[in-house]
Structures are given as structure tokens and as C-alpha cells.
Amino acid sequence: NDNTFFWTGSSTGVVSGMPKCTYLVIENERVYCANTNNSNVRVEISSFGGANFWTVPSVLTADSPSYFDFRRQDGTGITCFKSSPWGKFVGKPGATWILKGFDNNTFYVRPIDPQIGCLENRSVQMVEGHLIWLGQNGLYAWNGAGGPVLISQDIDPTMKNLRQLVSNSAFWNVSSQG
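All of these numbers come straight from a predicted model, not from anything done at the bench.

Colleague: Outline unusual backbone geometry, supporting the account with residue identities and numerical values.
Modeller: Although it is not a glycine, Asn 28 adopts a positive phi angle of roughly 55 degrees. Within the secondary structure, Asn 28 sits in the loop between β3 (21–27) and β4 (30–36). Assessed through its relative accessible area of 35%, Asn 28 is described here as partly exposed.

Colleague: Run through the nonpolar core, naming residues and quoting values.
Modeller: Judged by nonpolar contacts, the single largest core of 15 residues is most densely connected at Tyr 32, Val 43, Ile 45, Phe 70, Ile 78, Phe 81 and Val 90. Those elements that provide at least two residues to this core are β3, β4, β5 (42–45) and β9 (95–100). Examining the composition of this core, we find that three residues originate from one element, β9, more than from any other. With residues near it in sequence (within four places) discarded, Phe 81 still touches Tyr 23, Leu 24, Val 25, Tyr 32, Ala 34, Val 43, Lys 88, Phe 89, Val 90 and Asn 121. In terms of nonpolar packing, the next biggest core, distinct from the first, is built from twelve residues, Cys 80, Ile 116, Leu 131 and Tyr 140 among them.

Colleague: Give me the lowdown on the sheet that holds strand β8 (residues 87–92), citing residues and values where you can.
Modeller: With respect to topology, four strands assemble into an open sheet ordered β7-β8-β9-β10, the strand pairing being antiparallel. The open sheet is flanked by β7 (80–84) and β10 (108–113), the only strands paired with a single partner. Averaged over all pairs of adjacent strands, the angle between their axes in this sheet comes to 25 degrees, without regard to strand direction.

Colleague: A description of the confidence of the model for the protein chain should follow, citing residues and the corresponding values.
Modeller: Chain-level statistics for the protein chain give a pLDDT mean of 88 and a share of 89% at 70 or above. When mean pLDDT is taken per element in the protein chain, β8 scores highest with 98 and strand β15 (residues 168–169) scores lowest with 51.

Colleague: For the state of the cysteines, give the residues involved together with the corresponding values.
Modeller: Tallying each qualifying case throughout the model produces two disulfides. Counting its disulfide-bonded cysteines in sequence order, the protein chain shows a connectivity of 1-2, 3-4.

Colleague: Hey, could you go over the sheet that holds strand β6 (residues 66–69) for me, with residue numbers and the actual values?
Modeller: Taken together, the four strands give an open sheet; going across it, the order is β3-β4-β5-β6, and neighbouring strands pair in antiparallel fashion. Both outer strands of the open sheet, β3 and β6, are each paired with one neighbouring strand and no more. Going across the sheet, the axis of each strand differs from the next one's by a mean of 15 degrees, ignoring polarity. As paired elements, β4 and β5 share three bridges and run antiparallel to each other. Bridging across to β5, Ala 34 finds its partner in Val 43.

Colleague: Could you give me a rundown of the environment of Glu 44, with the residues and numbers involved?
Modeller: Tracing the backbone through its elements, the reader meets Glu 44 in strand β5. Exposure remark for Glu 44: the relative accessible area of 7% places this residue in the buried category. In the structure, Glu 44 is positioned 22 residues away from Ser 66 in sequence and 6.1 Å away in space, judged by C-alpha atoms. Beyond its immediate stretch of four places on either side in the chain, Glu 44 contacts Pro 19, Val 31, Tyr 32, Cys 33, Thr 36, Asn 38, Trp 54, Ser 66 and Tyr 67. A polar side-chain atom of Glu 44 sits 3.0 Å from a polar atom in the side chain of Thr 36. A polar contact of 2.7 Å, which involves the side chain of Glu 44, links it to the side chain of Asn 38.

Colleague: Explain the pattern of salt bridges to me, and be specific about the residues and the numbers.
Modeller: Applying the stated rule across the entire model yields five salt bridges. When the shortest N-O distance is used, the salt bridge between Glu 27 and Lys 88 registers 2.7 Å. One end of the pair, Glu 27, is in strand β3; the other, Lys 88, is in strand β8, and 61 residues separate them in sequence. Owing to a relative accessible area of 2%, Lys 88 belongs among the buried residues under this scheme. The network of salt bridges with common partners includes Arg 42, Asp 69 and Arg 72.

Calculation criteria
- Residues numbered from 1 in each chain as written.
- Predicted model: local features only at pLDDT ≥ 70, side-chain atom pairs only at ≥ 80, totals over all residues.
- Heavy atoms only, no water.
- Helix = DSSP H or I, 4+ residues; strand = E, 2+ residues; numbered from the N terminus.
- Buried < 20%, exposed > 50% of the residue type's maximum accessible area, 1.4 Å probe, protein only.
- Core = buried A, V, L, I, M, F, W, Y, C linked by side-chain atoms within 4.5 Å.
- Contact = heavy atoms within 4.5 Å.
- Pairing = 2+ DSSP bridges.
- Axes fitted to C-alpha atoms, helices over the stretch in contact; angles between N-to-C directions.
- pLDDT = per-residue confidence, 0-100.
- Disulfide = S-S within 2.5 Å.
- Polar contact = N/O pair within 3.5 Å; in protein donor to acceptor, adjacent residues only side chain to side chain.
- Salt bridge = Lys/Arg side-chain N within 4 Å of Asp/Glu carboxyl O.

In C-alpha cells form, the structure reads like this:
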């Protein structure tokens, strides 16, 4: 079943109207849904206090549902979406952003880096005050200010081997060695 369900403590039910999404964050009494069935470049945001309300009205209020599209023209979908101390981290293979704010009066998008992307959502972790993720050239760390820093130079041969192992798909080998 592709529906999203809720649990009241004694029964379950379907969250009506909620888009299907690959990545989900629940924060600030809202549901944030990224890489949705409506668009793989979109983060959709429920209304305040209600996961059943997703239709964006013609006149926005602070508590209305909303959405943000990330680089529609590049042909790639959102690959990473996590909550961080600085906002919601949004990553595509070729760029990263922070979605900040808690309602339509305060939401805004800030680029982290327009050329450093995120390849795998499971790689996104908070470690000792830094957001860490896997990008095309290795592991990156970001402290919430400035740009991300490549931190995997010392283990670069190991990282290349890992990326080569990950690139084995079904019966086809896709070499990541250039």
C-alpha cells in the first residue's frame, strides 16, 4: 500500500490528501515531504498542525500549506532531505540548500553550494556539530556557515573503492574509475 498512515494510540487511518514522497521530516507541527509524486524536485509542506491539508491556497497565510521547487531545469530529483540545526537540508546530485523557517512568513531557501551535491540520503548525519554527507568527490562537512569542506582526502582511495562497489548494479558493472 502506498498510503501514509497515522496512529492515534488505539487505531490507524490513512492521512488523506498527503502526497507520496521519498523523504519525510516532521517538525514545527508540519510535515515536510520531499521528492513527491507531484514533482521529484519539490518539497511540499503541510498546513500548520494538520497533515491532512496540502492544497496551497491562492492567498497564503502563515499557517497555509506551501512548497518549494529546487532547480527544476537540471533534470535530477532530490536525493537527500534531513532536518538539521540550521533548517531542512535539501540535496540533489549537483547542489545543496537549506530550507529555513517555520511558516510562510519565515520560510526561505539558502544555497549551501551550487556545485556540491548529495548522492545518498542515508549518508547525511550530524557529527560533532557538523552536517556530513556523501558528494561526488567524497565526504563533505558543513558547520552551518560558509561552504562545505571536503573531509575525506586522507581516505580518498578507500572512498573511490566504496563508490566503485556501490556502482555494481544487478549484473552490470559501471566503473567509477576515470
